[in-house]
Amino acid sequence: MPISVNVYIAKIKIYFMLTKFFRQSKPIVLFFLILLSWVAYLVQVLSYNKESLGLKNSIINTGLITLIIFLQNFIIRKNKINQQNSFGISLFTLGLISLIPLFEDTTSWLVLLFIGLFFRRLISMLNETLLKKKTFEASAWLIIASFFEPNFILLLLLIWLANLILSVNQFANYLIPIITLGGAIILANAVTIILYGEYFKLQEYVATISLDLSWYFTPNFLYILVLLIICIVSFPGFLQKAQVLKKIQLNLLLISVLSVSAIVSFLEVGTPAFYAICLFPLSPIAAEFFQLRLKKWIHELVWILLISLSLFTYINQYI
């Protein structure tokens, strides 16, 4: 066999070994992904937003990025979603990296963290243990996030939906989100009266219809779009083979994806960076594609495509 052919085959094997690295469920993969996100954020600071961020904010934002990735990994592992590999957390991190240039300040990262904490409790509700406690905590985290980005209060519907899926008959479980919201408004009033001498302006937190779909037609949306396509095409296949609990989890995650997409599409949100919130429910679903019994080269090709799209989306925002 000619030397050139041998070299070509060797390159292909090395390339497949790089993608194979993400198939293992080991801490080294998580640390690699966190390091990759640090590099991506550092490039943003040095080349794009160096003067406005400052060292202190850069350190805080890097810490928040790390917490968010750890949180998503915890959600996936704790609820036994994609626990046999690292595709779920890898897809999440790649999506996060692709959108890093859109995050304007620390507030955006905080909202993302609070929404992640909300999804953590929402998914854990399906284990049917400590339902009232988990319903309260999910409501509380979502309401905190909504003080920064009001329209996300509509995701309270997902908490009621989770209770309906579990056929919960106790009225208190459905009342908890409303009571939590009422308590948060009272607390907000107390704080604003003490600090500013005026009542909390609730009218500023009313949802505003935007109907701005232009972002869907930009290169920034490519990575999320491909993940959505993978989910839609593959969903019936892996749902059919999933166990009962996992079916419920996947259905709730898919509904969450659609709900978040509707909010950021049809209501006015602060920044396109909030499309990253779709990644919390979307990445575990898309990762199920790599569990399907398909030819190995198909998995490899799709994985390489997703990595390339993440890098393209990230780089494109600097061009």
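Residues numbered from 1 in each chain as written. Predicted model: local features only at pLDDT ≥ 70, side-chain atom pairs only at ≥ 80, totals over all residues. Heavy atoms only, no water.

Draft legend 1. A look at the overall build of the chain. Of regular secondary structure, the chain possesses 12 helices and zero strands. Helices (α) and strands (β) of the chain occur, in sequence order from the N terminus, as α-α-α-α-α-α-α-α-α-α-α-α. Looking at the chain as a whole, 49% of its 319 residues are labelled buried. Restricting the contact set of the chain to residue pairs at least 6 apart, pairs at least 24 apart contribute 78%. (Helix = DSSP H or I, 4+ residues; strand = E, 2+ residues; numbered from the N terminus. Buried < 20%, exposed > 50% of the residue type's maximum accessible area, 1.4 Å probe, protein only. Contact = heavy atoms within 4.5 Å.)

Draft legend 2. Examining helix 6 (residues 131-148) more closely. Compared with the 26 Å implied by 1.5 Å per residue over 18 residues, the 26 Å span of helix 6 between its first and last C-alpha is a close match. Here helix 6 has its buried residues at L131, K134, T135, E137, A138, S139, L142, I143, A145 and S146. (Expected span 1.5 Å × (residues − 1).)

Draft legend 3. Summary view of the nonpolar core. With 86 residues, the main nonpolar core has W109, I115 and L306 as its most contacted residues. For this core, the element with the most residues is helix 5 (residues 106-124), which contributes 11 residues. (Core = buried A, V, L, I, M, F, W, Y, C linked by side-chain atoms within 4.5 Å.)

Draft legend 4. Summary view of the environment of K20. The residue K20 is located in helix 1 (residues 3-20) in this model. In this structure K20 comes out as exposed when scored by relative accessible area, which is 53%.

Draft legend 5. Geometry of the packing of helix 4 (residues 87-99) against helix 11 (residues 279-287). Following both chains from N to C, one finds helix 4 and helix 11 inclined at 135°, their axes separated by 8 Å at the closest point. Classed by the angle they form, the pair helix 4 and helix 11 counts as oblique. Note on packing geometry: the crossing formed by helix 4 with helix 11 is right-handed. Of helix 11, the residues touching helix 4 (which contributes F87, G88, L91, F92, G95 and L96) are L279, F280, S283, A286 and A287. Among the residues making up the contact of helix 4 with helix 11, the classes are represented as eight nonpolar, three polar and no charged. (Axes fitted to C-alpha atoms, helices over the stretch in contact; angles between N-to-C directions. Parallel < 35°, antiparallel > 145°, perpendicular 65-115°, else oblique. Left-handed = near helix turned anticlockwise from the far one by under 90°. Nonpolar A, V, L, I, M, F, W, Y, C, P; charged D, E, K, R; others polar.)

Draft legend 6. Here's a closer look at the side chain of K134. Residue placement: K134 occurs in helix 6. The side chain of K134 is buried and forms no salt bridge, while E137, the nearest opposite charge, is found at 8.3 Å. Within the local environment of K134, its side chain forms a polar contact with the backbone oxygen of S124, the two atoms lying 3.0 Å apart. (Lys, Arg positive; Asp, Glu negative; His and termini not counted. Salt bridge = Lys/Arg side-chain N within 4 Å of Asp/Glu carboxyl O. Polar contact = N/O pair within 3.5 Å; in protein donor to acceptor, adjacent residues only side chain to side chain.)

Draft legend 7. Quick look at the packing of helix 6 against helix 7 (residues 156-165). At a minimum axis separation of 10 Å, helix 6 and helix 7 run at an interaxial angle of 165°. It follows from the interaxial angle that helix 6 and helix 7 lie roughly antiparallel. Two packed elements cross with a definite hand, and for helix 6 against helix 7 that hand is right-handed. In this structure, helix 6 uses T135, A138, S139 and L142 to contact helix 7, whose residues at the interface are L156, I159 and N163. When the residues that make up the contact of helix 6 with helix 7 are grouped by side-chain class, the tally is four nonpolar, three polar and no charged.

Draft legend 8. Highlighting the pattern of salt bridges. Here the structure, examined in full by the defined rule, presents two salt bridges. For E137, the salt bridge goes to R121, with nearest N and O atoms at 2.4 Å. Of this pair, E137 sits in helix 6 while R121 is found in helix 5, placing the two residues 16 residues apart along the sequence. Of the two residues, E137 and R121, neither departs from the other in class, the shared state being buried. Put simply, K133 and E137 hold a salt bridge, and the shortest N to O gap is 2.7 Å.

Draft legend 9. Geometry of the packing of aromatic side chains. With the rule as written, the count across this model stands at 10 aromatic pairs. Between F87 and W303, the aromatic rings sit 4.9 Å apart at their centres with planes inclined by 80°, giving edge-to-face as the arrangement. One end of the pair, F87, is in helix 4; the other, W303, is in helix 12 (residues 296-316), and 216 residues separate them in sequence. Taken as a pair, F87 and W303 share a single burial class, namely buried. Members of the aromatic cluster, joined through ring pairs, are F87, F289, F290 and W303. (Phe/Tyr/Trp six-rings, centres within 6.5 Å; stacked < 30°, edge-to-face > 60°.)

Draft legend 10. Geometry of the confidence of the model for the chain. Residues with a pLDDT of 70 or more make up 76% of the chain, whose mean pLDDT is 77. At the level of individual helices and strands, the chain shows its lowest average pLDDT in helix 1, which scores 52, and its highest in helix 4, which scores 89. (pLDDT = per-residue confidence, 0-100.)

Draft legend 11. Summary view of the environment of S124. Secondary-structure assignment places S124 in helix 5. What makes S124 buried here is its relative accessible area of 7%. Spatially, the C-alpha atoms of S124 and Q249 are 9.2 Å apart, while their sequence positions differ by 125 residues. Those residues in contact with S124, other than ones at most four positions away along the chain, are N79 and K134. Polar side-chain contacts of S124 include one of 3.0 Å to the backbone oxygen of R121.

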